[in-house]
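So you can see what is in the structure, the chains are spelled out below.
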Amino acid sequence: MKMIVKAALGAAAMLLASGPASAFPDRPVQLIVPWAAGGGMDSVMRIFAAGFEIELKQPVNVVNRTGGGGITGHTAIATATPDGYTVGGISPEISFFKTLGMGELTVDSVDAFSRLSLIPAGVTVKADSPLKTPADYLKAVKDSPKGTFLGSGTGVGGSWHIASGGLLKAAGIAPDAVKWVPSNGGAPALNDLVAGGLSVFTGSPIEAKAMLDAGRVRTILLMTNERHPNFPDVPSAKESGIDWTYENWFALAGPKGIPADRRKILFDAAARTMERPEVRKAMADRGITPVWDKPTEFAAYVKTFTERGNAVLKDLGLAKE
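Residues numbered from 1 in each chain as written. Predicted model: local features only at pLDDT ≥ 70, side-chain atom pairs only at ≥ 80, totals over all residues. Heavy atoms only, no water.

Here we come to the layout of surface pockets. Here the largest pocket is characterised by a volume of approximately 360 Å³. Around the largest pocket, the lining is made up of 17 residues, and of these T106, V107, D108, V302 and T306 lie nearest the centre. If you list the elements that add at least two residues to the lining of the largest pocket, you get β4 (111-120) and α10 (297-315). Top element by residues in the lining of the largest pocket is α10. It accounts for six residues. For the lining of the largest pocket, the per-class residue count stands at eight nonpolar, five polar and four charged. (1 Å grid on protein atoms, 1.4 Å probe; cavity = no way out; pocket = protein on both sides within 12 Å on 5 of 7 lines; lining within 4 Å. Points joined across faces, edges and corners; volume = space filled by probe spheres on them. Helix = DSSP H or I, 4+ residues; strand = E, 2+ residues; numbered from the N terminus. Nonpolar A, V, L, I, M, F, W, Y, C, P; charged D, E, K, R; others polar.)

Written out as structure tokens, the structure is:
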């Protein structure tokens, strides 16, 4: 009997030491963002983090890990200790690293939970640019020697580069007519645009909102089928006679191998976060479409998205496989 009691007490002590599953998380959670502060992903993830920490009842610290055209931050997410205390935002670039010959990292390298948002690509120029309409921009690119126009918004072969190449091809222009200048996200690219180092930013006007409001830049086209409610004066690609749309997505992911009980806590808290009215409103007010996928929805979406993007990368001469 003494042996049984002793064993039971020992087991109880071990349970107390390890703590119940419901105790997770009992310290701050890190949320890695692979792109620079002030850009589109950074904005989405900081809005999400504010709600996520309410649901987790722990601080959620946003950490920007930039560099390598997104490789640095995405790798940091994939290789983090799978204890549930590190998650991150992944962007479409992770779908194309392998195609670009940048490494073996793919969406399958991480445990992808769901998309959090969609934001449309656009064509944004400096406020004093003589280009006023989509037709002005496309004609100027077509009539100029290749490489005259310099574009940016992400790394070479990244999502906004694909948006640019697809737009030009749909308009009957060589996809690589605009020379791409790599950047670590929308914010640094927009600073370069305003400084005169770039001709065009083909990221989302959502990333450019502060500069748009300040009158420092102008968005002249959205790569959408319809006008956007937050940018009612900006024509869509469809109404401009261009058969090309492009929306960037940002998703929540973690390293593979997070214990099932902890993953469920994170997943359920994230799902509740995306239902919070203040989170949805904060995104919608910036023109960001909030999203939360069904379990198999994201995988199917990414497959189609990747195939479409890879076709443009081949047209750009960037595909290595």
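Attention shifts here to the packing of helix α5 (residues 159-170) against α10. Two numbers describe how α5 lies on α10: the axes approach to 9 Å, and their chain directions differ by 70°. Comparing their axes, α10 and α5 come out roughly perpendicular. The hand of the α5/α10 crossing is left-handed. The residues of α10 that touch α5, namely those facing S159, I162, G165, G166 and K169, are F305, G309, V312, L313 and D315. Looking at the contact of α5 with α10, its residues break down into four nonpolar, four polar and two charged. (Axes fitted to C-alpha atoms, helices over the stretch in contact; angles between N-to-C directions. Parallel < 35°, antiparallel > 145°, perpendicular 65-115°, else oblique. Left-handed = near helix turned anticlockwise from the far one by under 90°. Contact = heavy atoms within 4.5 Å.)

Turning our attention to the side chain of T273. Take T273: it is sitting in helix α8 (residues 260-273). Classification of T273 as buried rests on a relative accessible area of 0%. (Buried < 20%, exposed > 50% of the residue type's maximum accessible area, 1.4 Å probe, protein only.)

Our focus in this paragraph is the packing of helix α2 (residues 40-56) against α8. Closest axis-to-axis distance for the α2/α8 pair is 9 Å, and the angle between their directions is 125°. On the basis of their axis angle, the class for α2 and α8 is oblique. Crossing geometry of α2 relative to α8 is assigned as right-handed. Along its contact with α2, which presents F48, G51, F52, E55 and L56, the element α8 presents I265, L266, A269, A270, R272 and T273. When grouped by side-chain class, the residues that make up the contact of α2 with α8 number seven nonpolar, two polar and two charged.

The tally for this structure, following the rule as stated, stands at 17 salt bridges. K98 is paired through a salt bridge with E104; the nearest N and O atoms lie 3.6 Å apart. Relative accessible area serves as the criterion here: at 35%, K98 is assigned to the partly exposed category. The salt bridge partner of D268 is K264, with a shortest N-O separation of 2.6 Å. (Salt bridge = Lys/Arg side-chain N within 4 Å of Asp/Glu carboxyl O.)

Strand order in the open sheet formed by six strands is β2-β1-β3-β10-β4-β11, and the pairing between neighbours is mixed. Single-partner strands in this sheet number two, and they are β2 (60-64) and β11 (289-290). Note that strand β1 (residues 29-33) and β2 share five bridges and pair parallel. Across the sheet, V33 pairs through a bridge with N64, a residue of β2. Taken strand by strand, helix α3 (residues 71-78) contacts β1, β3 (86-90) and β10 (247-254), and its axis lies near 140° from that of β3. (Pairing = 2+ DSSP bridges.)

On their own, these measurements won't tell you what the molecule is for.
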